[in-house]
Amino acid sequence: MTSNVDYGDKIPNNVDLGRDRVLQRALEHWQPAYMGWWYDMGPTASSAHEVYLRTAISVDPEGWAHFGYVRMPEYRWGIFLAPPTAGREVNFGINKGRPAWQDVPGEYRSPLRRIIVTQGDTEPASVEQQRMLGMSCPSLYDLRNIYQVNVEEGRHLWAMVYLLHRYFGRDGREEAEALLERRSGDEDNPRILGAFNEPTPDWLAFYMFTFFTDRDGKFQLSSLAESGFDPLARTCRFMLTEEAHHMFVGETGVGRIVKRTADVMAEHKVDDPDHVRALGVIDLQTIQRYLNFHYSVTLDLFGSDVSSNAATYYSCGLKGRYGETKLDDDHLLTEATYAVGEVADGRVVNREVPALSALNERLRDDYIAEVQAGVDRWNRHIERAGLPFRLQLPHKGFNRAIGTFAGQHMTPAGEVVSEDEWRARRSRWMPGEKDYAFVQALMSGRVVEPGKFANWIAPPRTGINNQPLDFEYVRFN
Ligand code: BYC
């Protein structure tokens, strides 16, 4: 056993790690590689900082986390599964009514491993995408929050690696290693899903990512929390506890930027984007373009609208619908249909397809309803400042690379146009080099005096864990 893994104390867990020799041996190899990855690809120049972080220490809903100063390389990445439900069954598909699997059913081994690897791959990817952002943070509060998100994405990687090590033998161990080898944006060995190879170059992009893309995480994890493979379901249920904070960071982060811009516009009575920029805040049009980009690449993460993979996952009982057990139907979907959009004769029409094949689309629609509510909350800041502008979700088919809308040239309003026209108008809809250059210039340097916030963002309403806003959330050493 290597000396840098102390199973009882250093790795908080409720999986009896202290007595599981097989798991210990697998972790012995993986943990040093994980630390190597963290030093290489984790937050830049952060190893000596003491950060006021929460650490998951149990699954007790009343007291699952501990807050305190930690150097991130010493963070106790733990392994937790939500408590088991006695007599739990497979709740959907052809195996409905059978006892939930406590081990991997041999016939579903390959698709299950693929789902777990795809989920696991996103976690280190997001840390890689965000690694430079600490250098331009708008406050100590925000710096602490990005580090919190980063260490928890690290723990979510551990959660998937636990499943691979514990249930998938040698090929699971190989997949766990490969999760540390792929790199976001790498030409030769990229991350699996598209959005996780896009750069997150600035804090507006980071907040958009945590609002839109982490929320895909919520919906995917919720579907996997319905899985008939019980260890996966229980792991995902616990991950969702942490995920809520990530989406909070995104929603309030964008909200605070919108509020600051709206307040400055109202105070100075300006609405021309150049004049707004001259006042050191991000114009609403640029915020809209970032929104269009992050929303559309995140919609792609749900997969093709019509997908035999999704049908297989559901039929076998591996991946359910959002809120599966609360839905009132036969949970088989052999007769049901679902409407998916497509382009015919230059316009969008709906086509009814077997509901089983449209499960990605259904999950995407559930997701869209939730993001719309968040955008409505952002708009209230603009409304309160008395401005007529409103942020809007673009059409589902805008800028899509996966599914029936891929290859179409659609405006945010949902109009199909020619490729030339789309290209000519692209810079009105999507952030371009000039937008990124402006936003990054605004965010050059970091704000680290306790209680101070960069000019382009409003302070939050409250601090973390009831601490004041001028709390020293990060101590630099
Ligand atoms: N990019 O039938 P299709 C999170 C591939 S986020 C590239 O449409 P399927 C987090 C697909 O692999 C949540 N390729 O798709 C957030 C397939 O390839 P093959 C992550 C894509 O399989 C923030 C082909 O296209 N979790 O946790 O039904 C920070 C046709 O596949 C993409 C999960 O995704 C894409 N966007 O659905 C940190 C859950 N989409 O077979 C973390 C697990 C599809 O031709 N994953 N392809 O080689 C799944 O359930 C499914 O893999 C997907 C895709 C829903 C993603």
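Preceding this section is the structure that the text describes.
In this text the structure is predicted, and so the values were computed from the model without any measurement. (Residues numbered from 1 in each chain as written. Predicted model: local features only at pLDDT ≥ 70, side-chain atom pairs only at ≥ 80, totals over all residues. Heavy atoms only, no water.)

Undergrad: In this structure, what is going on with the overall build of the protein chain? I would like to understand it.
TA: Secondary structure assignment for the protein chain yields 12 helices and 5 strands. Taking all 477 residues of the protein chain together, 56% fall into the buried category. Considering the protein chain, the positive charge centre built from 54 side chains and the negative charge centre built from 67 side chains are found 2 Å apart. (Helix = DSSP H or I, 4+ residues; strand = E, 2+ residues; numbered from the N terminus. Buried < 20%, exposed > 50% of the residue type's maximum accessible area, 1.4 Å probe, protein only. Lys, Arg positive; Asp, Glu negative; His and termini not counted. Charge placed at Lys NZ, Arg CZ, Asp CG, Glu CD.)

Undergrad: Where do I start with the sheet that holds strand β2 (residues 65-71) in this structure?
TA: Adjacent strands of a sheet pair through backbone hydrogen bonds, lying either parallel or antiparallel. Sheet architecture is open: 3 strands sit in the order β2-β1-β5, paired in antiparallel fashion. Lying at the two open borders of the sheet, with one neighbouring strand each, are β2 and β5 (474-475). Taken together, the 7 bridges between strand β1 (residues 50-56) and β2 define a ladder with antiparallel strand orientation. Bridge pairing in β2 places Tyr52 opposite Tyr69. Across the face of the sheet, helix α3 (residues 140-167) comes into contact with β1, β2 and β5 while running at roughly 40° to β1. (Pairing = 2+ DSSP bridges. Contact = heavy atoms within 4.5 Å. Axes fitted to C-alpha atoms, helices over the stretch in contact; angles between N-to-C directions.)

Undergrad: Teacher, can you tell me more about the pattern of salt bridges here?
TA: If the charged atoms of two oppositely charged side chains come close together, the side chains can form a pair. Here the structure, examined in full by the defined rule, presents 31 salt bridges. In this structure, the salt-bridge partner of Lys218 is Glu370, at a minimum N-O distance of 2.8 Å. Taken together, the positions of Lys218 in helix α5 (residues 203-224) and Glu370 in helix α10 (residues 359-384) put the pair 152 residues apart, joining distant regions of the chain. For Arg321, the salt bridge is made with Glu324, and the minimal N-O distance between the two is 2.7 Å. With a relative accessible area of 0%, Glu324 lands in the buried category. Each of Asp121, Glu128, Arg182, Arg183 and Arg191 takes part in one network of salt bridges that share partners. (Salt bridge = Lys/Arg side-chain N within 4 Å of Asp/Glu carboxyl O.)

Undergrad: Mind showing me how you'd approach the packing of helix α6 (residues 230-268) against α10 here?
TA: When two helices pack together, their arrangement is given by the angle between their axes and by how far apart the axes lie. Here α6 crosses α10 at 25°, and the two axes come no closer than 8 Å. Regarding the angle of α6 to α10, the classification is roughly parallel. Remark: the crossing between α6 and α10 carries right-handed chirality. Between α6 and α10, the contacting residues are Glu251, Val254, Gly255, Val258, Lys259 and Ala262 on the first element and Gly374, Arg377, Trp378, His381 and Ile382 on the second. (Parallel < 35°, antiparallel > 145°, perpendicular 65-115°, else oblique. Left-handed = near helix turned anticlockwise from the far one by under 90°.)

Undergrad: Got a minute to help me understand the nonpolar core in this structure?
TA: When a protein is soluble and globular, its nonpolar side chains tend to lie buried together. Counting residues in hydrophobic clusters, the biggest one holds 110 residues, and the most contacted among them are Tyr34 and Phe212. Element by element, the count of residues in this core is highest for α3, at 16 residues. (Core = buried A, V, L, I, M, F, W, Y, C linked by side-chain atoms within 4.5 Å.)

Undergrad: Would you explain the site of the ligand in this entry?
TA: Taken together, 29 residues lie around the ligand, and Gln119, Ser304, Ser307, Lys319 and Asn360 are the ones closest in. Thr122 has a polar side-chain atom sitting 3.4 Å from an oxygen atom of the ligand. Within the side chain of Asn309, a nitrogen or oxygen atom sits 3.0 Å from an oxygen atom of the ligand. The protein chains hide 81% of the 1100 Å² of surface that the ligand would expose on its own. When residues of the shell around the ligand are traced back to their parent elements, those giving at least two are α2 (109-129), α5 and α9 (308-316). The element contributing the most residues to the shell around the ligand is α2, with 7 residues. Residues that form the shell around the ligand fall into these classes: 9 nonpolar, 13 polar and 7 charged. (Near = heavy atom within 4 Å. Polar contact = N/O pair within 3.5 Å; in protein donor to acceptor, adjacent residues only side chain to side chain. Areas by Shrake-Rupley, 256 points an atom, 1.4 Å probe, with all protein chains shown as cover. Nonpolar A, V, L, I, M, F, W, Y, C, P; charged D, E, K, R; others polar.)

Undergrad: Can you help me understand a positive patch on the surface in this one?
TA: On the surface, a cluster of positive charge is made up of Arg21, Arg25, Arg170 and Arg173. Sorting the residues of the positive patch by element identifies α1 (21-41) and α4 (169-181) as the ones contributing at least two each. The topology assignment puts Arg173 in helix α4. (Patch = residues over 30% accessible without salt bridge, like charges linked within 9 Å, V, L, I, M, F, W, Y side chains within 5 Å.)

Undergrad: Can you help me understand the pairing of strand β4 (residues 347-354) in this one?
TA: Every other side chain in a regular strand lies on the same face of the sheet, so the side chains alternate between the two faces. Bridging between strand β3 (residues 337-344) and β4 involves 8 bridges; their strand directions are antiparallel. Bridge assignment links Tyr338 to a residue of β4, and that residue is Val353. Taken together, β3 and the strand that follows it, β4, pair antiparallel across an intervening segment of 2 residues, in which Asp345 is found at a positive phi of about 50°.

Undergrad: So what exactly am I meant to see when it comes to the side chain of Thr210 here?
TA: Position of Thr210 relative to the elements: it lies in helix α5. For Thr210, a relative accessible area of 0% gives the class buried.

Undergrad: Before we go on, may I ask you to explain the state of the cysteines in this structure?
TA: Linking two cysteines covalently through their sulfur atoms gives a disulfide. Scanning the model with the defined rule gives 0 disulfides in all. Summary of cysteine pairing: Cys236 is not part of a disulfide, and the nearest cysteine sulfur, belonging to Cys316, is at 17 Å. With a relative accessible area of 10%, Cys316 lands in the buried category. (Disulfide = S-S within 2.5 Å.)

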